[in-house]
Amino acid sequence: MSKNITPYKDSDLGKKEQVAQMFDTISENYDGLNRVISFGIDVKWRKKVLKLVANTRPETVLDIATGTGDLAILMTQTNAKKIIGLDISAGMLEVGRKKITDKKLDSKIEMVLGDSENIPYPDASFDAITVAFGVRNFENLEKGLAEILRVLKPGGIFVILETSVPEKFPYKQGYKFYSKYILPLIGKIFSKDNSAYQYLSDSASVFPYGEALNNILQKVGFIEVKALPQTFGVASIYIASKK
């Protein structure tokens, strides 16, 4: 990242700890607010990630920065035998566990408190690994991606869903206005943490996307790297694999 954006500018905590604190604070209304902010389009993007993973017929899936478990829950449709949702926010995981219990999926999904930069699993543990709107929250992006590569099985699939910045007129201008003024305002009105949605906007604006993120993935050691822009480029899906 070109800048080290953190949720709380006056905090002495590191980015990792600040991100955990932020998501703990907003966990209860995160899902509803997310649907409003993305106009519900994020559901469509997650279904595309599901299809990409399901096509590989994985037996083990790790969803990193799982939050409240939306993508982990979707991954049950792959018929994988083992699905793990990993997140550093205990608050988000608690909301996710309730959703999983309500859907009677406790036997299929395990929610684990853990750090994406120190994944608590052996080398080559997972057939598929996903991250939806989480890589820009990594304190050290390359370290986190290297850990993902370590626990991915050779030939396995890694899929990222992340915000990106449209490059064509008028979508570029509209996106900048929305992310700079509208998104933080919505967050301020509906969230009890005024800093959270400002951070989510600011971090998205400086995070590497498209070819820049492809290059970082390749530098770390991923192969067959590809970026697929979504909805005029406001988000992108990245696919990668391991030798």
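Computed from a predicted structure; not experimentally measured.

Rules used in this analysis
Residues numbered from 1 in each chain as written. Predicted model: local features only at pLDDT ≥ 70, side-chain atom pairs only at ≥ 80, totals over all residues. Heavy atoms only, no water. Pairing = 2+ DSSP bridges. Helix = DSSP H or I, 4+ residues; strand = E, 2+ residues; numbered from the N terminus. Axes fitted to C-alpha atoms, helices over the stretch in contact; angles between N-to-C directions. Contact = heavy atoms within 4.5 Å. Patch = residues over 30% accessible without salt bridge, like charges linked within 9 Å, V, L, I, M, F, W, Y side chains within 5 Å. Areas by Shrake-Rupley, 256 points an atom, 1.4 Å probe, with all protein chains shown as cover. Salt bridge = Lys/Arg side-chain N within 4 Å of Asp/Glu carboxyl O. Buried < 20%, exposed > 50% of the residue type's maximum accessible area, 1.4 Å probe, protein only. Parallel < 35°, antiparallel > 145°, perpendicular 65-115°, else oblique. Left-handed = near helix turned anticlockwise from the far one by under 90°. Nonpolar A, V, L, I, M, F, W, Y, C, P; charged D, E, K, R; others polar. 1 Å grid on protein atoms, 1.4 Å probe; cavity = no way out; pocket = protein on both sides within 12 Å on 5 of 7 lines; lining within 4 Å. Points joined across faces, edges and corners; volume = space filled by probe spheres on them. Polar contact = N/O pair within 3.5 Å; in protein donor to acceptor, adjacent residues only side chain to side chain. Right-handed = clockwise from strand over helix to strand, strands pointing away.

(A) Quick peek at the sheet that holds strand β6 (residues 223-230). The sheet built from 7 strands is open, its strands ordered β3-β2-β1-β4-β5-β7-β6 with mixed pairing. Because the sheet does not close on itself, it has two edges, and the strands there are β3 (109-113) and β6. Between one strand axis and the next, the sheet turns by 15 degrees as a mean value, whatever way the strands run. Note that strand β5 (residues 152-163) and strand β7 (residues 235-241) share 7 bridges and pair antiparallel. Bridging across to β7, Val159 finds its partner in Ile239. Where helix α9 (residues 211-220) meets the sheet, it contacts β5, β6 and β7, and its direction lies at approximately 160 degrees from that of β6.

(B) A look at a nonpolar patch on the surface. Together, Leu185, Ile189 and Phe190 line one region of the surface with nonpolar side chains, adding up to about 340 Å² of accessible area. You can see Ile189 is positioned in helix α7 (residues 171-190). Ile189 gets classed as exposed once you look at its relative accessible area, which sits at 58%.

(C) Structural view of the packing of helix α2 (residues 30-37) against α7. Look at α2 against α7: their axes get within 11 Å of each other, and the N-to-C directions meet at 150 degrees. In terms of orientation, α2 lies roughly antiparallel with respect to α7. The element α2 and its partner α7 pack so that their crossing is right-handed. Counted together, Leu33, Val36 and Ile37 of α2 and Tyr178, Leu183, Ile186, Gly187 and Phe190 of α7 form the full contact between these two elements. Counted by class, the contact of α2 with α7 contains 7 nonpolar, 1 polar and no charged residues.

(D) Looking closely at the layout of surface pockets. Each pocket or cavity is described by its volume, and for the largest pocket that value is around 580 Å³. Ile37, Ser38, Thr163, Tyr178 and Leu183 are, among the 26 residues lining the largest pocket, the residues nearest its centre. Broken down by secondary-structure element, the contributors of at least two residues to the lining of the largest pocket are α2, α3 (41-54), α7 and α8 (194-206). Ranked by residue count, the leading element in the lining of the largest pocket is α7, at 6 residues. When its residues are assigned to classes, the lining of the largest pocket shows 16 nonpolar, 8 polar and 2 charged.

(E) Molecular detail of the environment of Lys104. Residue position: Lys104 is located in the loop between α5 (90-102) and β3. Note: C-alpha distance between Lys104 and Asn194 (90 residues apart in sequence) is 34 Å.

(F) The arrangement of the side chain of Ser164 in detail. Tracing the backbone through its elements, the reader meets Ser164 in the loop between β5 and α7. Residue classification places Ser164 among the buried residues on the basis of a relative accessible area of 1%. Separated by 2.7 Å, the side chain of Ser164 and the backbone oxygen of Gly233 make a polar contact.

(G) Broad picture of empty space enclosed by the protein. Applying the stated criterion to the full structure yields 1 cavity of 30 Å³ or more. There is about 370 Å³ of room inside the largest cavity. Forming the boundary of the largest cavity are 31 residues, of which Ala65, Thr66, Gly67, Asp87 and Gly134 lie nearest the centre. Elements that contribute at least two residues to the lining of the largest cavity include exactly α1 (15-26), α2, β1 (60-64), α4 (70-74) and β2 (82-87). Counting residues per element, the lining of the largest cavity draws most heavily on α2, which supplies 4 residues. Grouping the constituent residues of the lining of the largest cavity by class yields 12 nonpolar, 9 polar and 10 charged.

(H) Representation of the pairing of β2 in the model. Counting buried positions over the 6 residues of β2 gives 5, a clear majority of the element. As defined by bridge partners, β1 adjoins β2 across 5 bridges and the pair is classed as parallel. Note on β2: the bridge partner recorded for Ile64 is Leu86. In this structure, β2 lies alongside β3, joined through 5 bridges in parallel fashion. Bridging across to β3, Gly85 finds its partner in Met111. Of the crossover connections in this fold, the one passing from β2 over α5 to the parallel β3 is right-handed.

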